[in-house]
Amino acid sequence: MKFMKLGSRPDTFYTSEAVRSVTTEVSSDLIVQVKGTRYLLHKFPLLSKCLRLQRLCSELPNSSHPQIVQLPDFPGGVEAFETCAKFCYGITITISAFNIVSVRCAAEYLQMTEDVEKGNLIYKLEVFLNSCILRGWKDSLLTLQSTKFLPLLSEDLEITSRCIEAIAAKVLSNPAKVNLSHSYSRGGRDDLSSCNGAESQRHKTNSKGWWAEDLAELGIDLYWRTMVAVKSGGRIPPTLIGSALKIYASRWLPNISKEGCISKYLHSDHDSESTGEITSKHRLLLESIISLLPPEKGSASCSFLLKLLKAANILGASSSSKMELARRVGLQLEEATVTDLLIPSLSYTNDTLYDVDIVMIIIEQFKMQGQSPPTSPLRAKLGRERRRSRSVEHVDFDFQESRRSSSASHSSKLKVAKLVDGYLQEIARDVNLPLSKVIALAEAIPPFARTDHDDLYKAIDIYLKSHPELNKSERKRLCRLLDCRKLSMEACMHAAQNELLPLRVVVQVLFFEQARAAMAGGQVTELPSNIKALLVANGEDPSKLSRKLSAAATGTADDEWSVSGLKSPKSKMSTLRMKLAEDDNDLEDTLTSQDIELKNSKLKTLKSIPARPKKMFSKLWSSNRSMAERH
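So, here is what we can say about the structure in this document. Not measured: the values here are computed from a predicted model.

With that settled, the discussion passes to the packing of helix 19 (residues 435–443) against helix 21 (residues 472–479). Axis angle and axis distance: for two packed helices, these are the angle between their axes and the distance between the axes, and together they describe the pair. One can describe the packing of helix 19 onto helix 21 by two numbers: an axis separation of 10 Å at closest approach and a directional angle of 15°. Between helix 19 and helix 21, the angle is such that the two are roughly parallel. Where helix 19 crosses over helix 21, the handedness of that crossing is left-handed. Of helix 21, the residues touching helix 19 (which contributes Leu435, Val438 and Ile439) are Glu474, Arg477 and Leu478. Residues of the contact of helix 19 with helix 21, tallied by class, amount to 4 nonpolar, no polar and 2 charged.

In this section: the environment of Lys231. Mapping Lys231 onto the fold places it in helix 11 (residues 220–232). Taking the C-alpha atoms as reference, Lys231 lies 9.3 Å from Leu172; in sequence the two are 59 residues apart.

In this structure, Ala18 takes a positive phi of about 65° despite not being glycine. For Ala18, a relative accessible area of 56% gives the class exposed. The backbone of Glu158 sits at a positive phi, close to 65°, despite the residue not being glycine. With respect to the helices and strands, the residue Glu158 is situated in the loop between helix 7 (151–156) and helix 8 (159–172).

With that out of the way, let us pick up the pairing of strand 6 (residues 67–70). Taking every second residue as pointing to the same face, the buried face of strand 6 carries Gln67 and Val69, while none of Ile68 and Gln70 on the other face is buried. Bridge analysis of strand 4 (residues 30–34) against strand 6 gives 4 bridges, and the strand direction is parallel. Across the sheet, the residue bridging to Val32 is Val69, located in strand 6.

This brings us to empty space enclosed by the protein. One pass over the structure, following the stated rule, counts 4 cavities of 30 Å³ or more. What the largest cavity holds in volume is close to 70 Å³. Forming the walls of the largest cavity are Leu293, Pro295, Glu296, Lys297, Gly298, Ser299, Ala300, Leu305, Arg327, Arg328, Leu331 and Gln332. Ranked by residue count, the leading element in the lining of the largest cavity is helix 15 (residues 319–331), at 3 residues. Of the residues contributing to the lining of the largest cavity, the split by class is 5 nonpolar, 3 polar and 4 charged.

So, about helix 15. The end-to-end C-alpha distance of helix 15 is 19 Å, a good match for the 18 Å that 13 residues give at a rise of 1.5 Å each. Among all positions of helix 15, only Ser321, Leu325, Ala326, Arg328, Val329 and Gly330 are buried.

Here Asp421 lies in helix 18 (residues 390–427). Given the relative accessible area of 2%, Asp421 is considered buried. In this structure Asp421 touches Arg450, Asp455, Leu456 and Ala459, once residues within four positions along its chain are discounted.

A few words now on helix 8. One full turn of an α-helix is made of 3.6 residues, so residues set three or four places apart face in the same direction. With 14 residues, helix 8 should cover 20 Å at 1.5 Å per step; its first-to-last C-alpha distance of 20 Å lies within 8% of that length. Counted residue by residue, helix 8 has 10 buried out of 14 residues, so it is predominantly covered. The complete set of buried residues in helix 8 reads Ile159, Thr160, Arg162, Cys163, Ile164, Ala166, Ile167, Ala168, Val171 and Leu172. Its buried side turned inward, helix 8 meets helix 4 (100–110), helix 5 (121–131), helix 6 (137–146), helix 7, helix 10 (211–215) and helix 11.

One finds Leu71, Phe81, Leu110, Met112, Trp211 and Leu333 to be the most contacted residues of the largest nonpolar core, which totals 156 residues. Element by element, the count of residues in this core is highest for helix 14 (residues 302–315), at 9 residues.

Another point: the pattern of salt bridges. Close approach of charged atoms allows side chains of opposite charge to pair. Here the structure, examined in full by the defined rule, presents 18 salt bridges. Residue Glu82 is joined to Arg20 by a salt bridge in which the shortest nitrogen-to-oxygen separation is 2.4 Å. Of this pair, Glu82 sits in helix 3 (residues 77–89) while Arg20 sits in strand 3 (residues 19–22); the two residues are 62 residues apart in sequence, bridging distant segments of the chain. Pair check on accessibility: Glu82 and Arg20 agree, each one buried. Of the charged contacts, one joins Arg225 and Glu155 as a salt bridge, the two residues approaching to 2.3 Å between their closest N and O atoms.

Turning our eyes to something else, we now look at the environment of Asp115. Locating Asp115 in the fold gives a position in the loop between helix 4 and helix 5. C-alpha of Asp115 to C-alpha of Lys49: the two residues are 66 residues apart in sequence and 9.3 Å apart in space.

Within this structure, the stated rule accounts for 8 aromatic pairs. For the pair Tyr223 and Tyr248, a centre-to-centre distance of 3.8 Å together with 10° between the ring planes defines the contact as stacked. Linking Tyr223 in helix 11 with Tyr248 in helix 12 (residues 238–252), this pair joins segments that are 25 residues apart in sequence. By way of ring pairs, the aromatic residues Phe13, Tyr39, Phe74, Phe81, Tyr89 and Tyr109 are connected into one cluster. Note that Arg52 overlies the ring of Tyr109, its terminal NZ or CZ placed 4.0 Å from the centroid. Directly above the ring of Trp252 sits Arg251, whose terminal nitrogen or CZ lies 4.3 Å from the centroid.

Another aspect to go through is the packing of helix 8 against helix 11. In the contact formed by helix 8 and helix 11, the axes pass within 9 Å of each other and the chain directions differ by 45°. Comparing the axis directions of helix 8 and helix 11 gives the class oblique. Regarding helix 8 and helix 11, the two cross each other, and that crossing is right-handed. Contacts between helix 8 and helix 11 involve Thr160, Ser161, Ile164, Ile167, Ala168, Val171 and Leu172 on the former and, on the latter, Leu222, Arg225, Thr226, Ala229 and Val230.

The strand order across the open sheet formed by 5 strands is 2-3-5-4-6, and the pairing between neighbours is mixed. In this open sheet, the two strands that pair with only one neighbour each are strand 2 (13–15) and strand 6. Here the average twist between neighbouring strands, direction ignored, is 25°. The pairing of strand 4 with strand 5 (residues 37–41) spans 5 bridges and is classified as antiparallel. Opposite Val34, over in strand 5, you have Thr37 as the bridge partner.

Definitions and limits used
- Residues numbered from 1 in each chain as written.
- Predicted model: local features only at pLDDT ≥ 70, side-chain atom pairs only at ≥ 80, totals over all residues.
- Heavy atoms only, no water.
- Axes fitted to C-alpha atoms, helices over the stretch in contact; angles between N-to-C directions.
- Helix = DSSP H or I, 4+ residues; strand = E, 2+ residues; numbered from the N terminus.
- Parallel < 35°, antiparallel > 145°, perpendicular 65-115°, else oblique.
- Left-handed = near helix turned anticlockwise from the far one by under 90°.
- Contact = heavy atoms within 4.5 Å.
- Nonpolar A, V, L, I, M, F, W, Y, C, P; charged D, E, K, R; others polar.
- Buried < 20%, exposed > 50% of the residue type's maximum accessible area, 1.4 Å probe, protein only.
- Pairing = 2+ DSSP bridges.
- 1 Å grid on protein atoms, 1.4 Å probe; cavity = no way out; pocket = protein on both sides within 12 Å on 5 of 7 lines; lining within 4 Å.
- Points joined across faces, edges and corners; volume = space filled by probe spheres on them.
- Expected span 1.5 Å × (residues − 1).
- Core = buried A, V, L, I, M, F, W, Y, C linked by side-chain atoms within 4.5 Å.
- Salt bridge = Lys/Arg side-chain N within 4 Å of Asp/Glu carboxyl O.
- Phe/Tyr/Trp six-rings, centres within 6.5 Å; stacked < 30°, edge-to-face > 60°.
- Lys NZ or Arg CZ within 6 Å of the ring centre and 35° of its normal.

Printed below as a string of structure tokens:
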């Protein structure tokens, strides 16, 4: 760290009963009072260098007693005044990055300019500032930090702007080597050196990785201005800017890294006014960080953006800040984890644990990216062979690149589908979560993105267990989300024994498992008697279903075995439409009715249908095993 020594006389200031005096043979003829401290001084050395004191003394009446000058609003306080006074007496003073701002502001206040005397204090301070302080990284940073104590004067004297420009220039000087290691910023300060000395070797060898950590020590106002200057240089990669912002957020918002992002201040014993001030300060800091985020996709990690969004919810940030974060998260949602999406809800309009609405906005932003795979291939080659030009090769290359990009987009949609299903499993435990939000979230994912429905089934099962008050219609609305064809063997086994599911869903599961077994090897067998009985009980013809099953086994699937296929107008499987219709004539009503009249032998088969899905499932599997043996 650089410093400058001025003057050669020893320090002769001393204190006696809260009065500062100078040891000299000449009696004092000037009393200067600075913020409660009295200085017994002499006119000649001070008035010869301080134009302001000259004017103040000229306005006072002549007297044989020492003249008294009041300086109540002196910038920098008694320390800065005493340094200026010692300079006037020729006493040795030391100027460094720690005190140059306060002394410079004090000298400006006292008007210690070249017009009063050549080589005055202001001139010497400016030379030291420009030639030494602003050339060093640490000195520039310390000087900038000290401007926060005298912000207005520092702005007027352009100390703040000059420090910011010097710091930004050093960051931009060699961006290829800039990284985020902590070797210099945490390794200790340089030994004191004279103004004419060179930068220490330690500073040179470790000049790669200290800027982000060191800048994180600045207050948000100075940090924001410095980062704007760094970004405007256009030489720092956006990802590096994002990493630097993450370091700063972790420094000043340490609790955003914890689950739930509950600030310690929100649950402290501070009074409400103090808590409000802290929250307001953190809110300003958070919104400033958001405004500094580079516009490029991927400049900040999705996890970091979601932590900022959690903090924004808790600190009550503006809607525009939340929407900006939601938009950015949506651009790279495939990078998120379920824990990242668990954003606590502090809204007074609902009692849900997590903010599901903001997650819906994020998903919509993800879907609005417009990343659709190309549908039109390149033109076919001409009939006769000819030499391919470079431009054609370039078009071919661009097409391949677009296909790879589209493939990655499709992959990201598959990842987001798994993410949303996992998120549904977590929020489904919330007893205050309305059914409409669960359905909206599940339907926000396009059907092709869910390669299987096991995770969605788990979420539905959890929701049914956590909300036993759901009526029959609501349970059917929820279960309509399932595509039984996309359930694994394990999920089917669980669903067939799940008493919380509507019986229509259990029948679908059993039927599709039977269809899956029947289609194995390309042969179709008869449906089990228990499923036939269920169909007959509802006025359906099992033989028609067998013919459809045979056609599906030998032809194209066309998604007719999926729930979406059954809903499609193209589907000819009328025997299963009663499973999807939302009316009062469903299977549950049929099986629970006590007025069924068993008038013929076919309807008497209903007596053999197990009352519990578990027994029915075991019968179905025994039938499947027998069919497998016949194959």
